[in-house]
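Descriptive structure summary
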Amino acid sequence: MTEARSISIAEALNEALHEELERDPRTFIFGEDIADTGGLFGVTSGLRDRFGPTRVFNTPISEQAIAGAAVGAALVGARPIVEIQVMDFLSLALDQIANHAAKLPYMTGGQLRVPLVVRGPVATGIGLAAQHSQSLEAWVVHIPGLKVVMPSTPADAKGLLKSAIRDPNPIVFFEKRLLYSIRGKVPAGEYLVPLGKAEVCRPGRDVTLIASGIAAHHARAAVQKLEAEGIDVELIDLRTLKPLDVETIVASVKKTGRAIVANDGYRTGGFAAEVMATLIEETFDFLDAPIQRVAAADTPIPCAQNLESEVLVTPDKLLQAVREMVGASRAVAV
Amino acid sequence: MSDVSEAPPISLIDKSLGLNEQKLLDMYSVIWRIRWFEEKVLDLFRAGVIRGTAHLYSGMEAVATGACAALRPTDYVTSTHRGHGHALAKGLEPDRMLAEIIGRADGYCKGKGGSMHVASAKHGMLGADAIVGGNTPIAVGAALGARILGRDDVVLCFFGDGAANQGVLFESMNLASVLKLPVIFLCENNLWALSTPTSVSLSVPDVAARGAAFNMPGVVLDGQDVLAVYEGARAAVERGRAGQGPSLLECKTYRIHSHSAFATREVRPEEEVAYWRARDPIRILGERLEQAGVASSTTLEVIKAREERRIAEAAEFALASPTPDAAEAYTDVLVDAASDEHVVGRTAG
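Parameters and conventions
- Residues numbered from 1 in each chain as written.
- Chains lettered and ligands numbered in written order.
- Predicted model: local features only at pLDDT ≥ 70, side-chain atom pairs only at ≥ 80, totals over all residues.
- Heavy atoms only, no water.
- Helix = DSSP H or I, 4+ residues; strand = E, 2+ residues; numbered from the N terminus.
- Rg over C-alpha atoms; globule rule 2.2 N^0.38 Å.
- Buried < 20%, exposed > 50% of the residue type's maximum accessible area, 1.4 Å probe, protein only.
- Contact = heavy atoms within 4.5 Å.
- Areas by Shrake-Rupley, 256 points an atom, 1.4 Å probe, with all protein chains shown as cover.
- Patch = residues over 30% accessible without salt bridge, like charges linked within 9 Å, V, L, I, M, F, W, Y side chains within 5 Å.
- Salt bridge = Lys/Arg side-chain N within 4 Å of Asp/Glu carboxyl O.
- Axes fitted to C-alpha atoms, helices over the stretch in contact; angles between N-to-C directions.
- Parallel < 35°, antiparallel > 145°, perpendicular 65-115°, else oblique.
- Left-handed = near helix turned anticlockwise from the far one by under 90°.
- Nonpolar A, V, L, I, M, F, W, Y, C, P; charged D, E, K, R; others polar.
- Buried area = accessible area lost by both parts, 1.4 Å probe.
- Phe/Tyr/Trp six-rings, centres within 6.5 Å; stacked < 30°, edge-to-face > 60°.
- Lys NZ or Arg CZ within 6 Å of the ring centre and 35° of its normal.
- pLDDT = per-residue confidence, 0-100.
- Expected span 1.5 Å × (residues − 1).
- Polar contact = N/O pair within 3.5 Å; in protein donor to acceptor, adjacent residues only side chain to side chain.
- Lys, Arg positive; Asp, Glu negative; His and termini not counted.
- Core = buried A, V, L, I, M, F, W, Y, C linked by side-chain atoms within 4.5 Å.
- Pairing = 2+ DSSP bridges.

1. Thoughts on the overall build of chain B
For chain B, the helix and strand inventory stands at 11 helices and eight strands. In terms of overall size, chain B behaves like a compact globule, its C-alpha atoms giving a radius of gyration of 19 Å where 349 residues would be expected to give roughly 20 Å. Dimensions of chain B, computed from the C-alpha atoms along their principal axes, are close to 55 × 50 × 40 Å. Looking at chain B as a whole, 57% of its 349 residues qualify as buried.

2. Thoughts on the overall build of chain A
On a plain count of helices and strands, chain A comes out with 12 helices and 14 strands. Scaling as 2.2 N^0.38, a compact globule of 334 residues should have a C-alpha radius of gyration of about 20 Å, and chain A matches this with 20 Å. For chain A, the residues scored as buried account for 62% of the 334 residues in total. In chain A, once contacts between residues fewer than 6 apart in sequence are set aside, the share between residues at least 24 apart is 82%. When the accessible surface of chain A is split by element, carbon and sulfur atoms take 54% of a total near 12,100 Å².

3. Observations regarding a nonpolar patch on the surface
Together, Ile126, Leu128 and Leu178 of chain A line one region of the surface with nonpolar side chains, adding up to about 200 Å² of accessible area. Along the chain, the position of Leu178 of chain A falls in the loop between strand 7 (171-176) and strand 8 (183-187).

4. Brief notes about the packing of helix 1 (residues 21-46) of chain B against helix 8 (residues 226-241) of chain B
Residues and elements named next belong to chain B. Between helix 1 and helix 8, the shortest axis-to-axis distance is 11 Å and the interhelical angle comes to 115°. Here helix 8 runs roughly perpendicular to helix 1, going by the angle between their axes. The chirality of how helix 1 crosses helix 8 is right-handed. Of helix 8, the residues touching helix 1 (which contributes Lys23, Leu24, Met27 and Ile31) are Val226, Leu227 and Tyr230. Class assignment for the residues of the contact of helix 1 with helix 8 results in six nonpolar, no polar and one charged.

5. Focus on the interface of chain A and chain B
Every contact between the two is made by 44 residues of chain A and, on the other side, 46 residues of chain B. Its largest share of buried area at the contact with chain B, chain A owes to Val76, Tyr106 and Arg113 of chain A, together 20% of the area lost on that side. Our count for the chain A to chain B interface comes out at zero salt bridges. Among the elements of the structure, strand 2 (27-31), helix 3 (63-75), helix 4 (90-101) and helix 5 (104-107) of chain A are those that each provide at least two residues to the side of chain A that touches chain B.

6. Some thoughts on the packing of aromatic side chains
Counted by the stated rule, this structure contains eight aromatic pairs over all chains. When the centroid spacing of 5.3 Å and the interplanar angle of 10° are considered together, the rings of Phe28 of chain A and Phe30 of chain A count as stacked. Judged by centre distance (5.3 Å) and plane angle (20°), the rings of Phe30 of chain A and Phe57 of chain A are stacked. In this pair, Phe30 of chain A sits in strand 2 while Phe57 of chain A sits in strand 3 (residues 56-58), placing the two residues 27 residues apart along the sequence. Of the two residues, Phe30 of chain A and Phe57 of chain A, neither departs from the other in class, the shared state being buried. By way of ring pairs, the aromatic residues Phe28, Phe30 and Phe57 of chain A are connected into one cluster. Here the guanidinium or amino end of Arg96 of chain B rests over the ring plane of Tyr108 of chain B, the centre of that ring lying 4.5 Å away. Geometry around Tyr106 of chain A places Lys112 of chain B over its ring, the cationic atom sitting 4.3 Å from the centre.

7. Overview of the confidence of the model for chain B
Detailed reading of the predicted model is not advised wherever pLDDT is low. Residue and element names in this part refer to chain B. With 92% of its residues at a pLDDT of at least 70, chain B reaches an overall mean of 93. Below a pLDDT of 50 lies the segment residues 340-349, which in the model reaches 31 contacts outside its immediate sequence neighbourhood of four places, other chains included. Across the interface, the model reports ipTM at 0.96; the global pTM reads 0.95.

8. Here's the deal with unusual backbone geometry
Put simply, Lys242 of chain A and Pro243 of chain A share a cis peptide bond, and its omega is 0°. Turning to its location among the elements, Pro243 of chain A is positioned in the loop between strand 12 (240-242) and helix 9 (246-256). Located in the positive-phi region is Ala129 of chain A, a residue other than glycine, with phi close to 70°. Topologically, Ala129 of chain A is positioned in the loop between strand 5 (117-122) and helix 6 (137-141). Located in the positive-phi region is Leu194 of chain B, a residue other than glycine, with phi close to 60°. Relative to the elements of secondary structure, Leu194 of chain B occurs in the loop between strand 5 (192-193) and strand 6 (196-197).

9. Focus: helix 1 of chain B
Residues and elements named next belong to chain B. With 26 residues, helix 1 should reach 38 Å at 1.5 Å per residue; the first-to-last C-alpha distance of 38 Å fits that figure. For helix 1, the side-chain oxygen to backbone nitrogen distance between the N-cap and Gln22 is 3.2 Å, and the N-cap itself is Asn20. Downstream of helix 1 by a residue or two, Gly48 has a phi angle that is positive, lying close to 80°.

10. Some thoughts on the side chain of Glu308 of chain A
All names here are of chain A. Relative to the assigned elements, Glu308 resides in helix 11 (residues 305-311). Buried Glu308, no salt bridge; nearest opposite-charge side chain is Arg177, N-O distance 10 Å. For Glu308, the side chain forms a polar contact with the main-chain nitrogen of Gly127, separated by 2.8 Å. Not counting residues within four places of it along the chain, the set of residues in contact with Glu308 comprises Gly125, Ile126, Gly127, Leu128, Ile301 and Pro302.

11. Topic: the side chain of His100 of chain A
Of note, His100 of chain A is situated in helix 4. Polar side-chain contacts of His100 of chain A include one of 2.6 Å to the side chain of Asp129 of chain B. The residues touching His100 of chain A, leaving out its near neighbours within four places in the chain, are Asp95 of chain A together with Asp129, Ile131, Gly134 and Ile138 of chain B.

12. Examining the nonpolar core
The biggest cluster of nonpolar side chains holds 90 residues, and the ones touching the most others in it are Leu279 of chain A together with Phe185 of chain B. Counting residues per element, this core draws most heavily on helix 3 of chain A, at nine residues. Residues within four places of Leu279 of chain A in sequence aside, it is in contact with Ile210, Ile249, Val250, Val253, Ala259, Val261, Phe284 and Ile291 of chain A.

13. Regarding the pairing of strand 10 (residues 207-211) of chain A
Residues and elements named next belong to chain A. Strand 10 sits mainly inside the fold: five of its five residues count as buried. What you see with strand 10 is no split at all: Val207, Leu209 and Ala211 on one side and Thr208 and Ile210 on the other are buried throughout. Bridge count between strand 10 and strand 13 (residues 259-266): four bridges; the pairing is parallel. Following the sheet pairing, Thr208 is matched in strand 13 by Ala259.

14. A word on the sheet that holds strand 14 (residues 292-296) of chain A
All names here are of chain A. Read across the open sheet, the five strands follow the order 9-11-10-13-14; overall the sheet is mixed. With partners counted over all chains shown, the strands left at the sheet margins are strand 9 (199-202) and strand 14, one partner each. Going across the sheet, the axis of each strand differs from the next one's by a mean of 25°, ignoring polarity. Contacting strand 10, strand 13 and strand 14, helix 10 (residues 271-283) runs over the sheet at an angle of about 155° to strand 13.

Here it is in structure tokens:
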């Protein structure tokens, strides 16, 4: 059994890309500024030198064409990975992702397949303001025919990216820039994290906290604080947003009777609402309290740091949500 | 002004162009096949058998026929919402196409795609596309993917005068150019995008002029002359396969019918429609074949009748095909890993 080592999410993603490009010669990666400089955060560093300019190359700033080229390459049997430099730019690529990649297998009765990964950083929480801070998973979760992945640890980032690259479906892979430097234990040697499986990071009995992305990262610290306060939180990191691991979250909420869903996207029409709806359908008779959500406010994201903290999901907001829910139900129960 | 070149006239039987009697008669057959097919589609729409609408290629047959004749079976085509002609010229069978258009189980796409999403993986026909211009970056990607896989396949990318102003087309042309990919961007300029003429939408007289903006040759071709289209396409294919990058072809053409079967009101000037009706690609090719002694009028009549019969049989097949199983509504949304190793477009020829 090989030793796990502590590396950052950016390094873990880089390892995944190196391993998968080595493993499958059909795989290639392209996007803006990914080649010589290894991308803005080193996620693609070393790939160009190792695999050459045919398989690792920079593109012009042309998100529609970049995304569409990934679709076309996938259709003829290659395995493209395309980087969107900042995931707010998903809007520019959305026609190719939603109207083409997601639909071609279905529209062609299964004749055509689109094995591609669209990946890139969500730049929330570092003061880049409204057009460089959005977590837009709600847009793509809504479209049938896509898988949507959002890791929050180095081990998950590497294992999920490897699985995503090998998956024959079009996948939107949301990374979080704020978490690129977060370090964690990653197994040495070959391993995969399966898509569609949530992880129970911490078992508990009082309340289920279902989180993803930066919210999941904050939640990991929050649940330790809450433990000291005598609140036993079952923390679930979804890891894959679509397909949602309904079995795991339902089993948990049936056990605890209380659920909070925390998500980096905006509140209204956000991904948390989808999880809540599913839980209401499946666990209503087991609930001791209404399900709550913690999400970004329904405002564009401001630049000033204090305003940013006002609208984004923070550790304090998670703590407050759990305390209120558990406190309220305990008050009722007395 | 713009340095747009026009294709020179060619002689009919020219071995250097890959033209022989059989190939010429095949072209004549395909043009009639498309003509009869689209008339059948119109009949079926009017009879209420085809729902939604259909965008007919009638009058434009020489473009698809000439261009696809320049391809190898393993080359790719990306198509538009007006794609029946492209599909037939690429070798798709009329019976399974009609079944698809009327939503039956034996259609190429199991009845799930319909007219605007007809596709055949084994023919390298990567789909009709209902997003105007949406197929253009996909064409670039298909060429890119073929390169990654070590193949020299070229990609024929159809689009219209409507798509000629979509930003995604410009991105795609630029990307194909900087990557030197073998994409043949073929504009079918039929002068009208639904009810909007190019005189108000297009900022230049010739779409071909935009080739220079992306460092590729831009050639205007007579879209009613299948041999002119064939020669222009063949040169572009050779250029691409020789590693010289993409080309832009503009075929001046015209659709006989309105934008879609659903829109019955003709918005175009009567004289204009009459002018183009007279420039019938079937008549133009037929006269050239007879004048060159390649075919007698009898031969041409035989071909015309044979293709009519073929389409009639296709309609029988399609109408007899069952509706899809209800369960098919839920298949092909996501695909599983088990049957991952498919290869598109590697038909035996």
